[in-house]
Amino acid sequence: MQADGLIVTNRHVVEDKQATYRVVLNDGREFEAVVKAIDSVLDFALLKIEATGLPTVQLGDSDSIRIGQTAIAIGNVLSEFSNTVTSGIISGINRRVVAGDGITSEVIEEAIQTDAAINPGNSGGPLVNLRGEVIGINTAVSQAGQLLGFAIPINAAKPLLTSFREQGRIVRPWLGVRYLMLNAAIAEQEKLSGKEGAYIAPGHRGEPGIVAESPAAKAGLKERDIITAINGQALNAKRSMSRVIADFKSGTEITLTILRDGKEMAIRATLGELK
């Protein structure tokens, strides 16, 4: 929460357009809340209440977290037990998780896995380190296992906050490709020469790997290309393409290093805006 009443939460918490929302502070004060922005990619949304001088928390650096370090989850557990605090460790990083409620689902890339107890009602609450810095946004829990909770890394949310502050809405840069982050198994299955990077998979079910009229199409990218770096930043399991692109603004020209038929080449592309 920002001192001016801007509050970070999950998209799935506030996506009911017919609902009205209220925020209850720790001191018992209640405020009507307005949904100001909902992200189309991450399970991320922004609420606003009319208040100033509110207490805030410091945002940390989720890129610096390590497996085994202590993590503390805070939330309104089961929508009944407010200000519940649970502790555990960071069990995993850079997890690719498919989260859903049985009706809809979405992919969370680079999720933080923790064994700090996360339950329904924790959604949108902070995952913090021992310095009290927010390192993640509690988002999902596995119903198939025990002590498997997941959070969105706070560094993935920071560009969205900056975008809203600067433009009054969430603006995401867009390249226009459907891709898989490579690992050894995928590279072997697809008989690829490259072992790391973003692989533009051939289209299926009517969905091409390159979106028509997209920045990628205009730049000359092709299906089965492997994007290995963007502006010199290598793409791998720890640094996905969506994460790297999120650090740029729409309209920015970037240089893509790609492998095509085993040959490395550079292609320039101007990022568009995700609609």
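Relevant structure appears above.
Calculation notes
Residues numbered from 1 in each chain as written. Predicted model: local features only at pLDDT ≥ 70, side-chain atom pairs only at ≥ 80, totals over all residues. Heavy atoms only, no water. Helix = DSSP H or I, 4+ residues; strand = E, 2+ residues; numbered from the N terminus. Polar contact = N/O pair within 3.5 Å; in protein donor to acceptor, adjacent residues only side chain to side chain. Contact = heavy atoms within 4.5 Å. Core = buried A, V, L, I, M, F, W, Y, C linked by side-chain atoms within 4.5 Å. Buried < 20%, exposed > 50% of the residue type's maximum accessible area, 1.4 Å probe, protein only. Salt bridge = Lys/Arg side-chain N within 4 Å of Asp/Glu carboxyl O. Pairing = 2+ DSSP bridges. Axes fitted to C-alpha atoms, helices over the stretch in contact; angles between N-to-C directions.

Engineer: Teacher, can you tell me more about the side chain of Asp225 here?
Structural biologist: Residue position: Asp225 is located in the loop between helix H4 (215–219) and strand E14 (226–230). Separated by 2.8 Å, the side chain of Asp225 and the backbone nitrogen of Lys222 make a polar contact. Setting aside chain neighbours within four positions, we find Asp225 in contact with Ala198, Tyr199, Ile200, Ile258, Leu259 and Arg260.

Engineer: Explain the nonpolar core to me, please; I cannot follow it from the model alone.
Structural biologist: Generally speaking, a soluble globular protein has its nonpolar side chains buried in company with each other. Leu42, Phe44, Leu46, Ile137 and Ile152 are the most contacted members of the largest nonpolar core, which totals 22 residues. For this core, the secondary-structure elements that each account for two or more residues are strand E7 (105–114), strand E9 (134–141), strand E10 (149–153) and helix H2 (154–167). With six residues, the top contributor of residues to this core is H2. Ala216, Leu221, Ile230 and Leu271 belong to the second-largest nonpolar core, a separate cluster that totals 21 residues.

Engineer: Looking at this model, I keep getting lost on the environment of Pro120. Mind explaining?
Structural biologist: Note that Pro120 resides in the loop between E7 and strand E8 (126–128). For the pair Pro120 and Val141, spaced 21 residues apart in sequence, the C-alpha separation works out to 7.9 Å.

Engineer: In this structure, what is going on with the pattern of salt bridges? I would like to understand it.
Structural biologist: For side chains bearing opposite charge, pairing can occur when the charged atoms are close. Using the criterion set out here, one finds 14 salt bridges in the structure. Here Asp27 makes a salt bridge to Arg29, at a shortest N to O gap of 2.9 Å. Residue Arg131 pairs with Glu133 through a salt bridge whose shortest N-O separation is 3.2 Å. Judged by relative accessible area, Arg131 falls into the exposed class, the value being 65%. One connected set of salt bridges, linked through shared partners, spans Asp63, Glu110 and Arg243.

Engineer: Quick question: what am I supposed to make of unusual backbone geometry here?
Structural biologist: Excluding glycine, residues mostly have negative phi values, and the peptide bonds linking residues are mostly trans. Here the phi dihedral of Arg224 falls at roughly 80°; this positive angle occurs in a residue that is not glycine. For Arg224, the position within the fold is in the loop between H4 and E14. Judged by relative accessible area, which is 39%, Arg224 ranks as partly exposed. Notably, Asn231 is not glycine yet its phi reads approximately 50°, a positive angle. Its location among the elements puts Asn231 in the loop between E14 and strand E15 (233–234).

Engineer: Please explain the side chain of Arg172 as it appears in this structure.
Structural biologist: Within the secondary structure, Arg172 sits in the loop between H2 and strand E11 (173–174). Judged by relative accessible area, Arg172 falls into the buried class, the value being 13%. In terms of polar contacts, Arg172 uses its side chain to reach the side chain of Asp39, at 2.8 Å. Once residues lying within four places of it in the same chain are set aside, the contact partners of Arg172 are Asp39, Val41, Leu42, Leu160, Ala246, Gly272, Glu273 and Leu274.

Engineer: Help me understand the sheet that holds strand E2 (residues 21–24), please; the structure alone is not making it clear to me.
Structural biologist: Pairing between sheet strands relies on hydrogen bonds along the backbone, with the strands arranged either parallel or antiparallel. Taken together, the four strands give an open sheet; going across it, the order is E1-E4-E3-E2, and neighbouring strands pair in antiparallel fashion. Edge positions in the open sheet fall to strand E1 (6–9) and E2, since each of these has one partner strand only. Pairs of neighbouring strands in the sheet enclose a mean axial angle of 45°, with direction left out of account. In terms of strand pairing, E2 meets strand E3 (residues 30–38) through four bridges, oriented antiparallel.

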